[in-house]
Amino acid sequence: MHFHIITLFPEICQAYTDASILGRAQKSEKGKGAKVKGKKISVSYYNPREFSKDKNKKVDERPYGGGPGMVMQAEPVLKAWEKAVGRKKDQSKVKTLIMSPRGRVFTQDVAKEYAQKYEHLVLISGRYEGIDYRVNEILGAEEVSVGEYVLTGGELPALTIVDATARQIPGVLGTFESLEEERVTSGKSYTRPEVLKYKKQEYRVPEVLLKGNHAEIEKWRGDK
Ligand code: SAH
């Protein structure tokens, strides 16, 4: 899967996608115990500012009809999209998403759908009051929301979608990690020390986890 992130702030996103599991998935080494060889994902960034015709690289303008704030202009965003996937012959494998607090709410099922259906996911992050609506029309893009709250920009939503979708791609998680993901766990995990002393109190790891009876442990996890 190729992720293409269109954003005015690529540098704040890249630190996240280069770290940990997402960083590893972009390299050709095998994940721990993974059966799929080679790179599992790629992540590319496109800054609309680089496509601005303005001498000061301005990409926002006042809204028609009045109102507060500024709106991102269509052309630099469209140019960035063209650079990302405009030359792809099979556009049925390309999905374009525009981050919007009014969009379809992103869930684990949506992540699975994207991972199964598409080869290229383009994620357009808005800033200010959003993006000129003609971009939605021209690209036939889907508006996606990560939840019912308003953020300052589409970067965190785009990263959320990249992260959750990448985890659904075979080989991104090692075998062990995928098993952990699939299993219905209690969500309660413990590690050393066995007895944690904190502000004069002792906090113990549940007995069952120390005894090594796997049937009992599974039962305990299932009951939680
Ligand atoms: N008044 C504007 C707010 C824009 S917030 C409006 O009602 O649309 C600026 C940008 O942040 C948006 O263009 C969008 O790309 C992103 N954004 C903010 N909250 C979001 C959310 N919950 N889900 C997805 N994107 C969001």
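Data block above holds the structure.
Residues numbered from 1 in each chain as written. Predicted model: local features only at pLDDT ≥ 70, side-chain atom pairs only at ≥ 80, totals over all residues. Heavy atoms only, no water.

A. Layout of the overall build of the protein. Summing up its helical and strand segments, the protein has 9 helices and 9 strands in all. The C-alpha radius of gyration of the protein comes to 22 Å, more than 25% above the 17 Å expected for a compact globule of 224 residues. Across its three principal axes, the protein shows a C-alpha extent of roughly 70 × 45 × 30 Å. Every one of the 224 residues in the protein was classed for burial, and the buried ones make up 42%. Considering only contacts within the protein whose residues lie at least 6 apart along the sequence, 72% involve residues at least 24 apart. By element, 50% of the accessible surface of the protein is carried by carbon and sulfur atoms, the whole surface being about 14,100 Å². Distance between charge centroids for the protein: 5 Å, based on 39 positive and 31 negative side chains. (Helix = DSSP H or I, 4+ residues; strand = E, 2+ residues; numbered from the N terminus. Rg over C-alpha atoms; globule rule 2.2 N^0.38 Å. Buried < 20%, exposed > 50% of the residue type's maximum accessible area, 1.4 Å probe, protein only. Contact = heavy atoms within 4.5 Å. Areas by Shrake-Rupley, 256 points an atom, 1.4 Å probe, with all protein chains shown as cover. Lys, Arg positive; Asp, Glu negative; His and termini not counted. Charge placed at Lys NZ, Arg CZ, Asp CG, Glu CD.)

B. View of the layout of surface pockets. In this structure, the largest pocket spans a volume of roughly 500 Å³. In terms of lining, the largest pocket is formed by 25 residues, of which the most central are Met 99, Ser 100, Pro 101, Arg 102 and Gly 130. When contributions to the lining of the largest pocket are tallied by element, the ones reaching two or more residues are strand E5 (94-105) and strand E7 (142-145). It is E5 that contributes the most residues to the lining of the largest pocket, 5 residues altogether. Looking at side-chain class alone, the lining of the largest pocket contains 12 nonpolar, 9 polar and 4 charged residues. (1 Å grid on protein atoms, 1.4 Å probe; cavity = no way out; pocket = protein on both sides within 12 Å on 5 of 7 lines; lining within 4 Å. Points joined across faces, edges and corners; volume = space filled by probe spheres on them. Nonpolar A, V, L, I, M, F, W, Y, C, P; charged D, E, K, R; others polar.)

C. Region of interest: the nonpolar core. Judged by nonpolar contacts, the single largest core of 30 residues is most densely connected at Phe 3, Ile 41, Tyr 114, Leu 121, Leu 123 and Ile 161. Going through the elements one at a time, strand E1 (2-6), helix H2 (20-25), strand E2 (42-46), E5, helix H4 (108-117), strand E6 (120-124) and helix H6 (155-166) are the ones with two or more residues in this core. A total of 6 residues in this core trace back to one element, the largest contributor, which is H6. With residues near it in sequence (within four places) discarded, Leu 123 still touches Phe 3, His 4, Ile 5, Ile 6, Leu 97, Met 99, Ala 158, Ile 161 and Val 162. (Core = buried A, V, L, I, M, F, W, Y, C linked by side-chain atoms within 4.5 Å.)

D. Quick look at the packing of aromatic side chains. Under the counting rule described, the total for this entry stands at 2 aromatic pairs. For the pair Phe 106 and Tyr 114, a centre-to-centre distance of 6.2 Å together with 25 degrees between the ring planes defines the contact as stacked. Given the relative accessible area of 0%, Tyr 114 is considered buried. Ring plane angle 55 degrees and centroid distance 6.4 Å describe the contact between Tyr 114 and Tyr 118, whose orientation is recorded as tilted. (Phe/Tyr/Trp six-rings, centres within 6.5 Å; stacked < 30°, edge-to-face > 60°.)

E. Inspection of the site of the ligand at higher detail. Around the ligand, the structure places 19 residues, and the nearest of them are Met 99, Arg 102, Glu 129, Tyr 149 and Leu 151. A distance of 3.0 Å is found between a nitrogen atom of the ligand and a backbone nitrogen or oxygen belonging to Gly 147. Note that an oxygen atom of the ligand is positioned 3.5 Å from one of the backbone N or O atoms of Gly 154. Compared with its free state, where it exposes 550 Å², the ligand has 88% of that area covered by protein. (Near = heavy atom within 4 Å. Polar contact = N/O pair within 3.5 Å; in protein donor to acceptor, adjacent residues only side chain to side chain.)

F. How the structure looks around the packing of helix H1 (residues 10-17) against H6. Where H1 contacts H6, the two axes come as close as 10 Å, and the packing angle between them is 25 degrees. It follows from the interaxial angle that H1 and H6 lie roughly parallel. H1 and H6 meet at a crossing whose hand is right-handed. Residue-level contacts link Ile 12, Cys 13, Tyr 16 and Thr 17 of H1 to Glu 155, Leu 159, Val 162 and Asp 163 of H6. (Axes fitted to C-alpha atoms, helices over the stretch in contact; angles between N-to-C directions. Parallel < 35°, antiparallel > 145°, perpendicular 65-115°, else oblique. Left-handed = near helix turned anticlockwise from the far one by under 90°.)

G. Layout of the environment of Ala 19. Here Ala 19 lies in the loop between H1 and H2. Along the primary structure Ala 19 and Met 1 are separated by 18 residues, whereas in three dimensions their C-alpha atoms are 17 Å apart.

H. Spotlight on helix H3 (residues 74-86). Its 13 residues place the ends of H3 only 15 Å apart at the C-alpha level, less than the 18 Å of an ideal helix rising 1.5 Å per residue. Considered for burial, the residues of H3 that qualify are Ala 74, Pro 76, Val 77, Leu 78, Ala 80, Trp 81, Ala 84 and Val 85. Along its buried surface, H3 packs onto E1, E2, strand E4 (71-72), E5, E6 and helix H5 (134-139). (Expected span 1.5 Å × (residues − 1).)

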